[in-house]
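# Descriptive analysis of the structure
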Amino acid sequence: MTPIYLDHAATTPVHPEVLQSMLPYYTEHFGNPSSVHSFGRAAKLAMNEARDSIAGSLRCHPGQIVFTSGGTESDNTALIGTATALRGKKNHIVTTQIEHHAVLHACRHLERLGFAVTYLPVDAYGQVSVQEVERAIRPDTMLISVMYGNNETGTVQPIEAIGRLARDKGIYFHVDAVQALGVIGIDLSSLPVDLMSFSAHKINGPKGIGALYVSPDVVLSPHLHGGNQERKRRAGTENVAGIVGFAKAVELANNGLAEKRQQMELLRQAMLKTLRQELGDDGFVVNGHPQDRLPHILNVSFPGVSTETLLMRLDLEGIAAASGSACTSGSLEVSHVLLAMGLPEHISGSAVRFSFGLGNSAVEVRDAAKKTATIVKQLRSKR
């Protein structure tokens with residue numbers, strides 16, 4: 001049995017070219033970039049070139065890129081860093097109920113510190129209304145944080161419209177673009193965004209490295225303290241090999257963006273077509289926005305079948321998928337994203353996320369869909 005990996009929204013395999021770019025920085029170029037000798041200078045040069053490359057792809061200044069350990073640290077730095085910097089001047093944050101836990105838990109932490117947070121609802125497709133965002137703004141609102149594309153449903157938010165609103169009101173705007181990078185073209189020279197989070201391992205780069213774009217207009221208190229790395233915005237010896245690999249992953253993703261979107265859309269449609277053939281149009285429900293969505297994520301509910309049971313059976317068949325929800329004490333909780341969308345229990349409790357990427361083919365996606373349909377039929381027959 002050949003395993004089929006359909007959980008690229010969780011993490012992706014490292015691209016061979018990314019791995020090759022990283023290897024020299026584990027061996028001959030292992031110096032600390034803060035060291036003044038030749039070993040340190042070589043490492044620093046590689047890091048600067050990588051920063052330049054990433055900034056070029058995102059169309060921003062290299063000095064606006066802060067390297068972090070990943071998306072979670074980037075989100076935390078954006079929220080806690082701005083809140084701390086503006087403490088005593090402004091006290092309110094606006095976000096949505098469908099954000100990644102890296103944002104939601106950071107907001108809960110800030111609430112415990114005395115900050116006020118408004119968690120906006122979304123519609124049945126998982127999209128927030130710009131009008132709702134505007135209504136939530138108060139005189140003391142300092143930050144709006146809305147993710148670009150949802151990691152569970154793939155729904156894309158109206159980022160440009162929210163960004164223009166934030167600019168008009170003089171409010172910082174943070175966007176978690178961890179799931180969007182490498183799938184949606186990002187031009188920070190024109191996008192009205194002040195802070196944006198990225199992670200390498202979602203785009204066939206290494207784990208443990210990410211970045212935060214910080215506009216020059218943003219006042220940001222460092223989240224970590226120690227050295228003067230990253231222009232005193234993020235202390236700690238830089239992950240040089242990871243940074244080099246991140247830059248290569250961004251380069252590859254940016255160069256093949258249109259081709260990747262087309263390929264992911266074909267894989268998504270192949271799975272849907274096969275599911276329709278095997279289960280009929282009424283045999284499953286697709287969750288998320290029908291048009292405003294990321295092409296590599298497909299969230300499907302199979303009413304009458306438990307998410308947990310289906311995922312276990314899929315795993316036994318060698319198919320890796322996900323629920324997108326948290327695991328507590330060995331059992332799955334219903335996704336906070338699907339709950340925020342107001343989906344009924346028989347839909348939210350039977351949802352599975354398939355996500356496509358490097359290495360997937362239409363043949364194996366159709367095979368996975370057929371096996372999924374067979375399992376669903378078997379489980380429904382036992383009710």
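Here is a short report on the structure shown in this document. Keep in mind it's a predicted model, so treat the numbers as computed, not measured. (Residues numbered from 1 in each chain as written. Predicted model: local features only at pLDDT ≥ 70, side-chain atom pairs only at ≥ 80, totals over all residues. Heavy atoms only, no water.)

Once that is clear, we can look at empty space enclosed by the protein. One pass over the full model with this rule turns up 1 cavity of 30 Å³ or more. When its volume is computed, the largest cavity comes out at roughly 90 Å³. For the largest cavity, the lining is made up of 14 residues, of which Thr12, Val183, Lys202, Lys260 and His296 are closest to its centre. Its residues assigned to classes, the lining of the largest cavity comprises 6 nonpolar, 6 polar and 2 charged. (1 Å grid on protein atoms, 1.4 Å probe; cavity = no way out; pocket = protein on both sides within 12 Å on 5 of 7 lines; lining within 4 Å. Points joined across faces, edges and corners; volume = space filled by probe spheres on them. Nonpolar A, V, L, I, M, F, W, Y, C, P; charged D, E, K, R; others polar.)

The next subject is the nonpolar core. With 63 residues, the main nonpolar core has Ile144, Tyr148, Met196, Phe198 and Phe246 as its most contacted residues. Take this core: its biggest share by element is 6 residues, from helix H8 (residues 240–255). Leaving out residues up to four positions away in the same chain, Phe198 has contacts with Leu58, Gly70, Gly71, Ser74, Ala177, Val178, Leu181, Ile186, Gly210, Ala211, Tyr213 and Phe246. (Core = buried A, V, L, I, M, F, W, Y, C linked by side-chain atoms within 4.5 Å. Buried < 20%, exposed > 50% of the residue type's maximum accessible area, 1.4 Å probe, protein only. Helix = DSSP H or I, 4+ residues; strand = E, 2+ residues; numbered from the N terminus. Contact = heavy atoms within 4.5 Å.)

Pairing is antiparallel across the open sheet formed by 3 strands, whose spatial order is E9-E10-E14. Of all strands in the sheet, those with a lone pairing partner are strand E9 (285–287) and strand E14 (351–355), marking the two edges. Neighbour-to-neighbour, the strand axes of the sheet open up by a mean angle of 35°, direction not taken into account. In terms of strand pairing, E9 meets strand E10 (residues 297–301) through 3 bridges, oriented antiparallel. If you follow Asn287 over to E10, its bridge partner there is Asn299. (Pairing = 2+ DSSP bridges. Axes fitted to C-alpha atoms, helices over the stretch in contact; angles between N-to-C directions.)

This next bit is on the packing of aromatic side chains. Throughout the structure, instances matching the rule amount to 1 aromatic pair. Both rings, one in Phe30 and one in Phe39, keep their centres 5.5 Å apart while their planes meet at 35°; by these two values the pair is tilted. A cation sits over an aromatic face here: Arg108 above Tyr119, 4.2 Å from the ring centre. (Phe/Tyr/Trp six-rings, centres within 6.5 Å; stacked < 30°, edge-to-face > 60°. Lys NZ or Arg CZ within 6 Å of the ring centre and 35° of its normal.)

So, about a nonpolar patch on the surface. Together, Val14, Leu19, Leu23 and Tyr26 make up a nonpolar patch on the protein surface, roughly 360 Å² of accessible area in all. Turning to its location among the elements, Leu19 is positioned in helix H1 (residues 16–22). (Patch = residues over 30% accessible without salt bridge, like charges linked within 9 Å, V, L, I, M, F, W, Y side chains within 5 Å. Areas by Shrake-Rupley, 256 points an atom, 1.4 Å probe, with all protein chains shown as cover. Salt bridge = Lys/Arg side-chain N within 4 Å of Asp/Glu carboxyl O.)

Moving on, we get to unusual backbone geometry. Even without being glycine, Arg59 reaches a positive phi, approximately 60°. Assignment of secondary structure puts Arg59 in the loop between helix H2 (38–58) and strand E2 (65–68). The backbone of Glu230 shows a phi angle near 50°, a positive value even though the residue is not glycine. Within the fold, Glu230 resides in helix H7 (residues 229–232).

The element strand E8 (residues 210–214) is extensively covered by neighbouring structure, given that 5 of its 5 residues are classed as buried. A two-sided burial pattern is seen for E8, the buried positions comprising Gly210, Leu212 and Val214 on one face and Ala211 and Tyr213 on the other. Bridge count for E2 against E8 is 4 bridges, and the pairing is antiparallel. Each residue of the ladder has a partner; that of Ile65, found in E8, is Tyr213. Sheet topology places strand E7 (residues 195–199) next to E8; 5 bridges connect them, and they run antiparallel.

The residue Leu338 is located in helix H11 (residues 336–340) in this model. Accessibility expressed as a relative area gives 1% for Leu338, which makes it buried. Every residue in contact with Leu338, bar those within four places of it in the chain, is listed here: Thr153, Asn287, Asn299, Leu343, Ser348 and Ala351.

For the rest of this paragraph, the subject is the pattern of salt bridges. Under the defined criterion, the tally for this structure stands at 14 salt bridges. The shortest N-O distance in the salt bridge between Asp7 and Arg353 comes to 2.9 Å. Residue Asp7 is located in the loop between strand E1 (4–5) and H1, and its partner Arg353 is located in strand E14; the two are separated by 346 residues in the primary sequence. A salt bridge links Glu265 to Arg293, with the nearest nitrogen and oxygen atoms 2.9 Å apart.

Orientation of helix H10 (residues 307–316) relative to helix H13 (residues 362–381), taken along the N-to-C sense of each, is 130°, at an axis distance of 10 Å. Of the possible angle classes, the one that applies to H10 and H13 is oblique. Here the hand of the crossing between H10 and H13 comes out right-handed. Across the interface between the two elements, Thr309, Leu310, Arg313 and Leu314 from H10 touch Thr372, Ile375, Val376, Gln378 and Leu379 from H13. Counted by class, the contact of H10 with H13 contains 5 nonpolar, 3 polar and 1 charged residues. (Parallel < 35°, antiparallel > 145°, perpendicular 65-115°, else oblique. Left-handed = near helix turned anticlockwise from the far one by under 90°.)

The next point concerns the sheet that holds strand E5 (residues 141–145). Strand order across the open sheet formed by 7 strands is E2-E8-E7-E6-E5-E3-E4, with mixed pairing between neighbours. The outermost strands of the open sheet, each flanked by one partner alone, are E2 and strand E4 (116–120). Sheet twist, expressed as the average angle between the axes of neighbouring strands with direction ignored, equals 20°. Pairing of strand E6 (residues 172–176) with E7, which is carried by 3 bridges, proceeds in the parallel orientation. Paired with Asp176 across the two strands is Ser197, which belongs to E7. Each of strand E3 (92–96), E4, E5 and E6 is contacted by helix H4 (residues 101–112), which is oriented at about 145° to E4, the strand it contacts most. Across the sheet, helix H6 (residues 159–169) touches E5 and E6, and the angle it forms with E6 is around 160°.

Let us now look at the environment of His109. Mapped onto the elements, His109 comes out in helix H4. Classification of His109 as partly exposed rests on a relative accessible area of 31%. Expressed as a C-alpha distance, the spacing of His109 and Pro62, which sit 47 residues apart in the sequence, is 31 Å.

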